[in-house]
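Chain and residue survey
Here are the chains, one letter per residue:
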Amino acid sequence: MTYTLALYTKVLAGLLLLTLLTFIQPTLYHLTPGNTAGVQLGISIIKIGLVSAFYMHLRSENAYLKGYIVMALIIMLIFFVIVGIDVAHS
């Protein structure tokens with residue numbers, strides 16, 4: 001896939017809009033702190049996906065490298081769940 005300046009500009013605009021949404025979301029929707037954190041994490045996951053796919057050029061990598069990335073994310077998720085359970089029960 002050819003990465004053009006127009007594509008980078010669209011991705012940048014999307015990232016800036018998502019960042020703006022991150023800042024104004026708590027004032028638009030009055031959620032509990034836990035739900036607000038969940039929405040904020042969801043927005044950040046979308047931004048992480050855009051940065052890794054376009055700016056880090058991971059969309060055009062081989063399948064084995066994508067497998068390594070997925071495996072690292074799964075291991076990180078396991079650690080987050082373990083720490084979350086520990087924090088919730090302490």
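Sequence order sets the numbering: in each chain, residues are counted from 1 along the sequence as written. Totals for whole chains, interfaces and linings use every residue, but because this is a predicted model, local features are given only for residues with pLDDT of at least 70 and side-chain atom pairs only at 80 or more, for both listing and counting. Remark: hydrogens and water are excluded; side-chain values derive from all non-hydrogen atoms of the structure.

The name recorded for the protein chain in an unreviewed UniProt entry is Cytochrome c oxidase subunit IV, from Sulfurospirillum halorespirans DSM 13726. UniProt positions are given in the numbering used here, feature names are shortened, and annotations may be inferred rather than shown by experiment. Taken from UniProt, the Subcellular location (unreviewed entry) comment for the protein chain reads in full: "Cell membrane".

1. A few points about the packing of aromatic side chains
Two rings from Phe, Tyr or Trp (for Trp, the six-membered ring) form a pair when their centres sit within 6.5 Å of each other. Planes less than 30 degrees apart are called stacked, planes more than 60 degrees apart edge-to-face, and all others tilted. This structure, assessed with the given rule, holds 3 aromatic pairs. Residues Tyr3 and Tyr8 carry aromatic rings whose centres are separated by 6.0 Å and whose planes lie at 20° to one another, so their mutual orientation is stacked. Pairing Tyr8 with Tyr55 gives two aromatic rings, centres 5.5 Å apart and planes at 10°, and the pair type is stacked. Remark: Tyr55 occurs in helix α2 (residues 33-55) and Tyr8 occurs in helix α1 (residues 5-28); sequence separation between them is 47 residues. What counts as a helix is a DSSP run of H or I of at least four residues, what counts as a strand is a run of E of at least two, and both are numbered from the N terminus.

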